[in-house]
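Summary of the model geometry
Here is what each chain is made of, one letter per residue.
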Amino acid sequence: VRAVLDAPEAGWAEGDGDKDEIAAFVAGLLLDEKGSMLNTYFGLRFDSAEGTLTSIPELLDNYLPDMRLLPMFLLRLAIQVDWSEEEKCFAGVATELAEWYMVRPGRAWADMIPSELREHAQHSAAEEWGAEKVVKGAENAGKGTGAEDKAAGDAHAAS
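Keep in mind that this is a model prediction, so the values were computed, not measured.

As a further point, take the overall build of the chain. Scanning the chain from N- to C-terminus turns up six helices and two strands. Secondary structure elements of the chain, listed N to C terminal, follow the sequence α-α-β-β-α-α-α-α. Within the chain, the fraction of its 159 residues that count as buried is 26%. Taking the intrachain contacts of the chain between residues at least 6 apart in sequence as the baseline, contacts between residues at least 24 apart amount to 46%.

Following this line, the structure appears as structure tokens:
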């Protein structure tokens, strides 16, 4: 993690603090404080004694994320996730995992994923987004006046 702080993508500035201290914070947080939770819920297992990552989740059969992005993933996992609230924590970890596992065009291994799987993933994401809109619309519809409920229902029916 220390080495990634030298990369421009890390966005480190002098005001952020000493890079060695940031790396020590990241290691302490992920290995000691959050390691058990990350293993239980996300399949990320750390060896605290060795200071290493020993297991990552298998989100897609026979697919590994770009391991060159691992240091940035660990840094972002430590500093971008809101660890203070359970729902935000789980959403943040999931977001960082998704970013790390994302298939990036132009990579040789991106072509290894069958087109059917890519199409299925795109279709599923579109369905999930649509379902989320319906659920949010229904939740919001129950909060307003009768006129607002009718307008929300009309909007839902139109979508």
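Time to look at the packing of helix 1 (residues 19-33) against helix 3 (residues 70-80). A pair of packed helices is captured by two measures, namely the crossing angle of their axes and the spacing between those axes. At their nearest, the axes of helix 1 and helix 3 sit 10 Å apart, and the two run at 80° to each other. With respect to helix 3, the axis of helix 1 lies roughly perpendicular. The residues of helix 3 that touch helix 1, namely those facing Ile22, Phe25, Val26, Leu29 and Leu30, are Leu74, Leu75, Leu77 and Ala78. Taken together, the residues of the contact of helix 1 with helix 3 break down into nine nonpolar, no polar and no charged.

Moving on: the environment of lysine 19. By secondary structure assignment, the location of lysine 19 is in helix 1. Residue class for lysine 19 comes out buried when judged on its relative accessible area of 16%. Distance in space between the C-alpha atoms of lysine 19 and aspartate 6 is 8.4 Å, their sequence separation being 13 residues. Not counting chain neighbours up to four residues away, the residues in contact with lysine 19 comprise Arg2, Leu5, Asp6 and Trp12.

Turning our attention to the pattern of salt bridges. Per the counting criterion, the structure on display carries six salt bridges. Notably, a salt bridge pairs glutamate 85 with lysine 88, separated by 3.9 Å at the nearest N-O pair. Using a relative accessible area of 45% as the deciding quantity, one classes lysine 88 as partly exposed.

A word on the packing of aromatic side chains. Throughout the structure, instances matching the rule amount to five aromatic pairs. Each ring, one from tyrosine 41 and one from phenylalanine 90, has its centre 5.1 Å from the other, and the planes form 65°; the classification is edge-to-face. One end of the pair, tyrosine 41, is in helix 2 (residues 35-42); the other, phenylalanine 90, is in helix 4 (residues 86-101), with 49 residues separating them in the sequence. Taking the relative accessible area as the measure of exposure, phenylalanine 90 reaches 29% and is therefore partly exposed. Ring geometry for tyrosine 63 against tyrosine 101: centres 6.3 Å apart, planes inclined by 45°, an arrangement best described as tilted.

A separate point is helix 2. In an α-helix there are 3.6 residues to a turn, and that puts residues three or four apart on one side. Taken together, the buried positions of helix 2 are Gly35, Met37, Leu38 and Phe42. All buried residues of helix 2 project into a common sector of 165° when viewed along the axis, lining one side. Exposed positions of helix 2 whose direction lies more than 90 degrees from the buried face are Ser36 and Thr40. Here the buried face of helix 2 lies against helix 1, strand 1 (45-47), helix 3 and helix 4. One or two residues past the end of helix 2 sits glycine 43, with phi positive at roughly 75°.

Of the residues in the chain, 65% reach a pLDDT of 70 or more, and the chain-wide mean stands at 77. Confidence, read as mean pLDDT per element, is least for helix 6 (residues 146-158) in the chain (48) and greatest for helix 2 (95). Low pLDDT (under 50) marks residues 145-153, which in the prediction has five contacts with non-local residues, meaning those over four places away or in another chain.

On to the nonpolar core. Leu30, Leu38, Leu77, Trp83 and Val93 are the most contacted members of the largest nonpolar core, which has 28 residues in total. At the level of secondary structure, the elements contributing two or more residues to this core comprise helix 1, helix 2, helix 3 and helix 4. In terms of residue count, helix 3 provides more of this core than any other element does, seven residues in total.

So, how was this worked out
- Residues numbered from 1 in each chain as written.
- Predicted model: local features only at pLDDT ≥ 70, side-chain atom pairs only at ≥ 80, totals over all residues.
- Heavy atoms only, no water.
- Helix = DSSP H or I, 4+ residues; strand = E, 2+ residues; numbered from the N terminus.
- Buried < 20%, exposed > 50% of the residue type's maximum accessible area, 1.4 Å probe, protein only.
- Contact = heavy atoms within 4.5 Å.
- Axes fitted to C-alpha atoms, helices over the stretch in contact; angles between N-to-C directions.
- Parallel < 35°, antiparallel > 145°, perpendicular 65-115°, else oblique.
- Nonpolar A, V, L, I, M, F, W, Y, C, P; charged D, E, K, R; others polar.
- Salt bridge = Lys/Arg side-chain N within 4 Å of Asp/Glu carboxyl O.
- Phe/Tyr/Trp six-rings, centres within 6.5 Å; stacked < 30°, edge-to-face > 60°.
- Arc of directions from axis to C-beta.
- pLDDT = per-residue confidence, 0-100.
- Core = buried A, V, L, I, M, F, W, Y, C linked by side-chain atoms within 4.5 Å.

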